[in-house]
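Examination of the molecular architecture
As a plain string of letters, each chain reads:
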Amino acid sequence: MMADFKKTMLRGRNVIAWLLVIMMVVIYLRPVGLPLVVSPSVRCWYTAASAMSNQSKPVLMVVDYTVGTIPEAQPAITVVTKHLMERGVAMVFVGSGVADETSLMQTVFNSVGIQKTYKYGVNYVGIGYIPGGEVAIATLGLEFQHVAATDAYGNPTANLPLTKDIKSHSDFSAVFDFDTVGNYPLWIRNWAVPHKIPLYSFVDASDMPMITSYYSVGQVQGYMGGIPGAAQYEVLSGLPGDALKSTDVLSITHVTAMILVVAGNILYFTRRRDQKE
Amino acid sequence: MSAIVRQRLPLLIVLISGLIMIGEFFFNVSGVASVAAEVRFLAVTVAATAMIVAAVSVTMNNLRNILKRTKGQWPYHLWCVVLLWFWIIFGLYSGPTSENYLWFFNNILAALYASILGILVFSLFMGFYRSFRIRGIESGIMIASAFLVMLGSITIGDLIWPGFAPLSQWILAVPNAGAYRGLIIVMAIGLMAVAFKTIFGMDLSWMGILRSVTAGKKKEKRP
C-alpha cells in the first residue's frame, strides 16, 4: 500500500507540472475575464492620485523592487505613473533598496514613454539609487539637496527646475512606494509617521499580511498587494496593462494549489485508514 | 596595532555618534541637530564606500580559491570574478541608465531572475501537494485560514462567494495584524536593548569580539 501511495505521489508530480504549464499558457493567451472586486486600500490610493493635478507638489516615486520581482511590481508602477502623467503630476523617482534600482527606474521611463509627454527636469526627475538604507531615507526627508545632490545622469539637482526648490519632505505631496525589498516600514518610520507625509505602498503578495497592520491604523494611507492590487488599479484608472492579463492565470493557479492540497490530504487520509485496517 | 586604536577608538566613535543621535531625537538639545545631520551624511557616504569594500572583498575571497586551484570549484570562482568586474567596468563606462547597459540588464539579468522564480512555482506546488497535511487542529486552522485568504485575494473567490473578500480582510486586519503588531513591538524593544548595549560598549560582537560580562568578571575572546 505504501509503495502504491509513493507511486501515486511521484506520478502526480509530473502530471501536476504539465497541467500547470498548459493551464498557465492557455489562460494567459486566452484570458477568461473574471470580474475584479476593488479593495478599499487600492481605492484609497486611486482617489488620492486622482485628486492631484499639475498644481500639486511633486510625488516621490520610490522604486524599491528587485530584478526578480519585475513581473509583479512593474505593472503597478507603470499604471500609477501613467495615471499621474494623465493628471500632469510632477514626479521624482528614487530607490533606496538595491543598486539595480537606477536601471529599473530607467526601464520604467522607457516602458511608459514618459519622455514623449513629460519634460525631464521640469515634470519628472530620476535620482536613482541612494545608498545608506534607513539613514539615507531619513536624511532625504530632512536635507534633500544634500543626499540627492545629483540625479542618475549626473545633473546637479540644484540646477533642475523641478528639484531646485525641494528642501525636505514637506515639498512632496505624497510618497508612492513600490516595494518588494521590505523597505516600506522605513518610509513609515521616517516620513509617514513623524512628518505626516501620506504614504501609499505597493508590496508583493507575501507582504500583504504585514502591511495590513500599518494600513488599519492609518500609517499607510493605501496599498496594493501584488498582481491583483495592480490589476484593480488598472480597472479603476481605465488603463489596462500586464496585471489584468495575469489575474486570470493567478486565480486559476491559486485554485489549482487548493485542489492539490485537498487531493494530497485525501490521499493521506486514505493511506492512514488503510494502514489502520 | 595598539588596543587603543583597535578597540577603544571605534568604541568612542560609536558612543559619541550614538549619544548625538539620541540627543537630537529625544531631547532636542540645541546645536546637536547640525552635528547629527553631519553624522547622517557621513553614514550615507560610508554606505556608498562600503560597496567598493564589498567588491574588493568578493574578489579577494574568490581569488584565494582560484590561486589554490580548488578542485571542481575554481572555474566557478573565476567566472564570478570575471562577471563581477565586467558589470562594474561596463556600468562605470556606460552608466546604469544607458541603452547598452539596459539591454544586458533586461535580457540577461531580468530573464535569469524570472526563470529562477518561474521554476520556484513548480517547487511550491509540489510542496503544497506533499506537505500541507491536516495532522491536527493547528495545521487544520492554518490551512483553512490560508484557503480563506487565498480565495479573498483572487478574482474567482468573489464568484464562488462574495463573502470571501471581507472575511479575508478581517483575518488580515484583526488576528493577523494583532499578532504582527505584538511581534514588531517586541522586536523594537529588543533592538533598543541591542542599541543600548552597542552604544555603551557592552556588546562588542560588531567588532568581531565575543565578550561576556558575568559577575563582575570580563571574559574576552576573538572567534
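Residues and elements named next belong to chain B. For chain B, per-residue confidence averages 86 on the pLDDT scale, and 93% of positions sit at 70 or higher. When the elements of chain B are averaged for pLDDT, strand S2 (residues 217-221) gives the smallest value, 55, and helix H3 (residues 74-94) the largest, 92. For this predicted complex, the interface score ipTM comes out at 0.81, alongside a pTM of 0.87.

This paragraph deals with the interface of chain B and chain A. Each partner contributes residues to the interface: chain B has 44 residues there, and chain A has 50 residues. Listing elements by their share of the side of chain B that touches chain A, those giving two or more residues are helix H2 (32-68), helix H4 (99-131), helix H5 (137-153), helix H6 (155-160) and helix H7 (164-199) of chain B. Among the elements that line the side of chain B that touches chain A, the one with the most residues is H4 of chain B, at 15 residues.

Residue and element names in this part refer to chain A. Here strand S4 (residues 174-179) lies mainly inside the structure; six of its six residues are buried. Every second residue of S4 is oriented toward a common face, with Ala174, Phe176 and Phe178 on one face and Val175, Asp177 and Asp179 on the other, all of them buried. One ladder, built from six bridges, connects strand S1 (residues 59-64) with S4; its direction is parallel. Within S4, the position partnered with Val59 by the bridge is Ala174. Where S4 lies against strand S5 (residues 199-203), five bridges are found, and the strand directions are parallel.

Attention shifts here to the packing of helix H10 (residues 226-237) of chain A against helix H11 (residues 242-276) of chain A. Residues and elements named next belong to chain A. Running from N to C, H10 and H11 cross one another at 135°; their axes reach a closest spacing of 8 Å. In terms of their interaxial angle, H10 and H11 are classed as oblique. Read as a crossing pair, H10 and H11 show a hand that is left-handed. Contact residues: H10 offers Ile227, Pro228, Ala230, Ala231 and Glu234, while H11 offers Ala243, Leu244, Ser246, Thr247 and Leu250.

A few words now on the environment of Tyr76 of chain B. Residue and element names in this part refer to chain B. When you line up the elements, Tyr76 lands in helix H3. For Tyr76, a count of 13 C-beta atoms within 10 Å translates into the label partly exposed. Separated by eleven residues in the primary sequence, Tyr76 and Asn65 place their C-alpha atoms 9.6 Å from one another.

A few words on helix H1 (residues 3-27) of chain B. Residues and elements named next belong to chain B. A rise of 1.5 Å per residue sets the reference length of H1, with its 25 residues, at 36 Å; its end C-alpha atoms lie 34 Å apart and thus fit the reference within 8%. Approximately 25° is the largest bend angle found in H1, and it occurs at Leu9, with the proline Pro10 only one to four residues beyond. The first or second residue beyond H1 is Asn28, which carries a positive phi of 50°.

Before going further, it helps to spend a moment on the sheet that holds S5 of chain A. Residues and elements named next belong to chain A. Read from one edge to the other, the open sheet built from six strands follows the order S3-S2-S1-S4-S5-S6, with strand pairing classed as parallel. Of all strands in the sheet, those bounded by a partner on one side alone are strand S3 (124-129) and strand S6 (222-225). The mean inter-strand angle of the sheet, taken between neighbouring strand axes irrespective of direction, is 15°. Along the sheet, helix H2 (residues 40-50) contacts S4, S5 and S6; its crossing angle with S6, the most-contacted strand, is approximately 120°. Across the face of the sheet, helix H8 (residues 184-195) comes into contact with S1, S4 and S5 while running at roughly 175° to S5.

Attention shifts here to unusual backbone geometry. Even without a glycine there, the phi angle at Lys196 of chain A is positive, about 55°. Mapped onto the secondary structure, Lys196 of chain A falls in the loop between H8 and S5.

Regular strands show a simple pattern: their side chains alternate between the two faces of the sheet. Residue and element names in this part refer to chain A. The element S5 is extensively covered by neighbouring structure, given that five of its five residues are classed as buried. Along S5, one buried face is formed by Leu199, Ser201 and Val203 and the opposite face, lined by Tyr200 and Phe202, is buried too. Where S5 and S6 come together, four bridges link them in parallel fashion. Each residue of the ladder has a partner; that of Val203, found in S6, is Gly225.

This brings us to the packing of helix H6 (residues 133-142) of chain A against H2 of chain B. At their nearest, the axes of H6 of chain A and H2 of chain B sit 9 Å apart, and the two run at 130° to each other. The angle between the axes of H6 of chain A and H2 of chain B places the two elements in the oblique class. For the crossing formed where H6 of chain A meets H2 of chain B, the hand is left-handed. Contacts from Gly133, Val135, Ala136, Ala138, Thr139 and Leu142 of chain A of H6 of chain A reach H2 of chain B at Ala37, Arg40, Phe41, Ala43, Val44 and Ala47 of chain B.

Another point: H2 of chain A. Residue and element names in this part refer to chain A. Listed in full, the buried residues belonging to H2 are Ser41, Val42, Trp45, Tyr46 and Ala49. Along the axis of H2, the buried residues cluster in a sector spanning 135°; they form a single face. Exposed positions of H2 whose direction lies more than 90 degrees from the buried face are Pro40 and Thr47. If you follow the buried residues of H2, they end up packed against helix H3 (70-87), S5, helix H9 (208-215), S6 and H10.

Conventions adopted
Residues numbered from 1 in each chain as written. Chains lettered and ligands numbered in written order. Predicted model: local features only at pLDDT ≥ 70, side-chain atom pairs only at ≥ 80, totals over all residues. pLDDT = per-residue confidence, 0-100. Helix = DSSP H or I, 4+ residues; strand = E, 2+ residues; numbered from the N terminus. Contact = placed C-beta atoms within 7 Å. Buried ≥ 20, exposed ≤ 12 C-beta atoms within 10 Å, placed from the backbone. Pairing = 2+ DSSP bridges. Axes fitted to C-alpha atoms, helices over the stretch in contact; angles between N-to-C directions. Parallel < 35°, antiparallel > 145°, perpendicular 65-115°, else oblique. Left-handed = near helix turned anticlockwise from the far one by under 90°. Expected span 1.5 Å × (residues − 1). Bend = angle between axes of the 7 residues up to and from the residue. Arc of directions from axis to C-beta.

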